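# A structural walkthrough
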Amino acid sequence: MFIDKVKIKIAAGNGGNGCASFRREKYVAAGGPDGGDGGNGGNVVFVVDKAFSNLANYKHGNKIYRAGNGEDGKSKKRNGKTGTDLILKVPKGTIIKEAQSQTVIADLTDEEPFIAALGGKGGLGNQHFATSTTQAPKFAKSGKNGEEWELILELKLIADVGLVGFPNVGKSTLISVLTNAKPKIGNYSFTTLSPVLGVVEMDYDHSFVIADIPGLIEGAHEGTGLGDEFLRHIERCRMLIHVVDVSGSEGRDPKDDFYKINEELSKYNKDLIEKTQLVVANKCDIATDEQIKNFNLFIEEQGYECINISAATTEGVKELKLKTFEKVSKLPKPKKFEVSEIPEEYREKQQKENIEITVEGNVYSVEAEFFNKILSYVDFDDFSSLAYLQQVLKEKGVVDELIKKGIKTGDIVMINGVPFDYVP
C-alpha cells in the first residue's frame, strides 16, 4: 500500500529525577549531600532511509512514538543514564508539519538527522543545593517532561520531471520505455494507483528522474476521482511533461484535455502552471495526420512546444528523451520547502503545566500530576526543603493564581491532598 500522508504523535523522554541522599561512611560523623543528577530524556529523531519509498510504516492509528526516559540520579553522586533516542526512518522528500499550527518544521531531502522533540532535562541532585546556610539540603529537583507533538508527515517525491495527463493517455507505457520502471499497464482508467519513479539514463554520467503521477480528471483539486491525493508529488518537479492522447481514442477532445489538466494544476497550486511544460502528443500511430497537425498548431498557439510520439511503438521517444534532458539541465534544482520554528504560542501551550485550583471555604485545593514527584522529595520537618517547595509554587504561577482567587494568611492549601498553612 502506498501511503504518502500520515498524522502521528511523538513524545520525547522525560528527564530523570535528581537524588536526595547523604554520604554515609565509616568514621564520618556527618556526611554531606551526595545525590546525583537525573539523566536527560531521549530525543525523537527523524532520518532519511533510502530503503523506504512511502510512509506505510506509520499508518498505525493512535500509536505514540516515545523515546526513552532518563534514569533517576543515585547516591554517591552517581548520575542517571540518558534516555535512549528514538530514531524514526522516513523516505527522502518527507516534510514534517506541526499539526496544530501547520508549520513546516523540516524538509528531509538529505541525510541530515532532524530532532523533532527534545528530551526533558534531568533534575539536579541535592549535592547542588548545599550552601553555607543550608548544609544538608533534603530535597532534589524532579526531571522535566520531554516535548510531545502531533505531527503530519507528508511525502513529496523528489523527481526532475513529472508526467501529467488524463487517465489512459499512455503515461505508464511512456515511463516504461523511457526508464527501467515496471508500472502496471492496462486499458482502463486509473491503472496507476500510486506514483511510479524511474531513472532515465542518458549516458554513464548523466541521467534524470521521472515520476508518473496517477491520472488526473476534472475536479481533481477538490477530491474528484483520485482527487488531489498525488498532486503534491508534482510540487518538487523541475518540469512537467503533459501527455495527451492526440487520437481521442477515449472519446475526449485532446484540446479540451489539455485545458482541463492545466486548470486542475493551477487550482491546486498556481506555481505548478508556471513550471516548464513540454507537451507530448501520444498515440500518433492511431491518429490521423489531420488530428496531429491541428493539435500541433493549437499547442504552438498556447506558447508550448509539442513533440509527437507513440509510446507503444517508441516512435519519437528518443527525440523526447533528448529534448527533456536539454530542458532539465538548464533548470534550478528541485524545490526545497521553507521551514520555520513552531510558533511560540504553540510551544507555550505545550509547556504550560496542567494545574487545577478549586476553592471551598478557606481550603484551596491545588491538583497537578507533576507535584507528585516534588512532594516525594520534600521533608516536611525541614525548613529549606519547604522553602524549595514554595519556590517551585512561585515558578509555576500557583502562588499568583491563589492570590487572584483571594487566599489569605492562615487559609489551607491542599497540594495533591497534602495540607499546608498559607503564609505569604
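Scope of this entry: the structure provided in the associated data block. (Residues numbered from 1 in each chain as written. Predicted model: local features only at pLDDT ≥ 70, side-chain atom pairs only at ≥ 80, totals over all residues. Heavy atoms only, no water.)

## Considerations on the pairing of strand 11 (residues 206–212)
Relative to strand 11, strand 9 (residues 161–164) runs parallel, the two being bridged by three bridges. For V161, the partnering residue across the bridge sits in strand 11 and is I210. For strand 10 (residues 196–203) and strand 11, the ladder comprises seven bridges, and the chain directions are antiparallel. Across the sheet, the residue bridging to D203 is H206, located in strand 11. Taking the residues between adjacent antiparallel strands as the criterion, strand 10 and strand 11 are bridged by two residues. (Pairing = 2+ DSSP bridges. Helix = DSSP H or I, 4+ residues; strand = E, 2+ residues; numbered from the N terminus.)

## A few points about the sheet that holds strand 15 (residues 356–360)
Backbone-to-backbone hydrogen bonds pair the strands of a sheet. The strands run either parallel or antiparallel. Taking strand neighbours across the sheet as the criterion, the four strands line up as 15-16-17-18 in an open arrangement whose pairing is mixed. In this open sheet, the two edge strands, each paired with only one partner strand, are strand 15 and strand 18 (418–421). For this sheet, the mean inter-axis angle between neighbouring strands, taken without regard to orientation, is 25 degrees. (Axes fitted to C-alpha atoms, helices over the stretch in contact; angles between N-to-C directions.)

## Some details on the packing of helix 1 (residues 171–178) against helix 5 (residues 317–328)
At a closest axis distance of 11 Å, the pairing of helix 1 and helix 5 adopts a crossing angle of 80 degrees. Judged by the inter-axis angle, helix 1 sits roughly perpendicular to helix 5. In this structure, helix 1 contributes L174, V177 and L178 to the contact, and helix 5 contributes V317, L320 and K321. Residue composition of the contact of helix 1 with helix 5, grouped by class: five nonpolar, no polar and one charged. (Parallel < 35°, antiparallel > 145°, perpendicular 65-115°, else oblique. Contact = heavy atoms within 4.5 Å. Nonpolar A, V, L, I, M, F, W, Y, C, P; charged D, E, K, R; others polar.)

## Some words on the pattern of salt bridges
Per the counting criterion, the structure on display carries 19 salt bridges. Residue E71 pairs with K74 through a salt bridge whose shortest N-O separation is 3.2 Å. Where E326 meets K323, a salt bridge forms, and the shortest distance between an N and an O atom there is 3.9 Å. Separated by three residues within a single helix, E326 and K323 lie in helix 5, roughly one turn from each other. What emerges from the salt-bridge pattern is a single network uniting E305, K323, E326, K327 and K330. (Salt bridge = Lys/Arg side-chain N within 4 Å of Asp/Glu carboxyl O.)

## Focus: the packing of helix 2 (residues 254–268) against helix 4 (residues 289–301)
How two helices sit against one another is set out by the angle between their axes and by the gap between those axes. The contact between helix 2 and helix 4 brings their axes to 10 Å, and the two run at 30 degrees. Judged by the angle between their axes, helix 2 and helix 4 are roughly parallel. Handedness of the helix 2/helix 4 crossing: right-handed. Between helix 2 and helix 4, the contacting residues are P254, K255, F258 and Y259 on the first element and N294, F295, F298 and I299 on the second. Residues of the contact of helix 2 with helix 4, tallied by class, amount to six nonpolar, one polar and one charged. (Left-handed = near helix turned anticlockwise from the far one by under 90°.)

## Concerning the packing of aromatic side chains
Taken as a whole and assessed by the stated rule, the structure comprises seven aromatic pairs. When the ring of F295 is compared with that of F298, the centres are 6.1 Å apart and the planes differ by 40 degrees; the resulting orientation is tilted. Placement of both F295 and F298 in helix 4 is noted, with a separation of three residues, approximately one turn of the helix. Note on accessibility: F295 and F298 belong to one class, buried. One aromatic cluster is present, built from ring pairs that chain together F258, Y259, F295, F298 and Y304. (Phe/Tyr/Trp six-rings, centres within 6.5 Å; stacked < 30°, edge-to-face > 60°. Buried < 20%, exposed > 50% of the residue type's maximum accessible area, 1.4 Å probe, protein only.)

## Details of the side chain of T103
Relative to the helices and strands, T103 is located in strand 6 (residues 103–108). The class of T103 is buried, set by a relative accessible area of 10%. Here T103 is in contact with I96, K97, E98, S340, E341, I342 and P343, once residues within four sequence places are set aside.

## Looking at the sheet that holds strand 8 (residues 148–155)
Pairing within the open sheet is mixed, and its five strands lie in the order 3-1-8-5-6. On the outer flanks of this sheet lie strand 3 (64–66) and strand 6, each paired with one strand and no other. The sheet shows a mean angle of 30 degrees between the axes of neighbouring strands, taken without regard to direction.

## Considering helix 4
A rise of 1.5 Å per residue sets the reference length of helix 4, with its 13 residues, at 18 Å; its end C-alpha atoms lie 19 Å apart and thus fit the reference within 8%. Looking at helix 4, one finds that the buried residues are I292, F295, N296, F298 and I299. Along the axis of helix 4, the buried residues cluster in a sector spanning 165 degrees; they form a single face. Residues D289, E290, K293, E300 and E301 are exposed on helix 4 and point more than 90 degrees away from its buried face. Of the surrounding elements, those touching the buried residues of helix 4 are strand 12 (239–245), helix 2, strand 13 (276–282) and strand 14 (305–308). At the exit of helix 4 stands G303, carrying a positive phi of roughly 90 degrees. (Expected span 1.5 Å × (residues − 1). Arc of directions from axis to C-beta.)

## Concerning the nonpolar core
Generally speaking, nonpolar side chains in soluble globular proteins are found buried as a group. Ranked by size, the top nonpolar core spans 34 residues in total, and within it L174, I210, I234, I241 and L320 carry the most contacts. Looking at this core, the elements with two or more residues in it are strand 9, helix 1, strand 10, strand 11, strand 12, helix 2, strand 13 and helix 5. The biggest single contributor to this core is strand 12, with four residues. Dropping the residues within four chain positions of it, L174 is found in contact with L163, V243, I309, A311, V317 and L320. Core analysis: the next-biggest nonpolar cluster, separate from the first, contains 28 residues, L86, V90, L157 and I342 among them. (Core = buried A, V, L, I, M, F, W, Y, C linked by side-chain atoms within 4.5 Å.)

That's the geometry; what it means functionally is another story.
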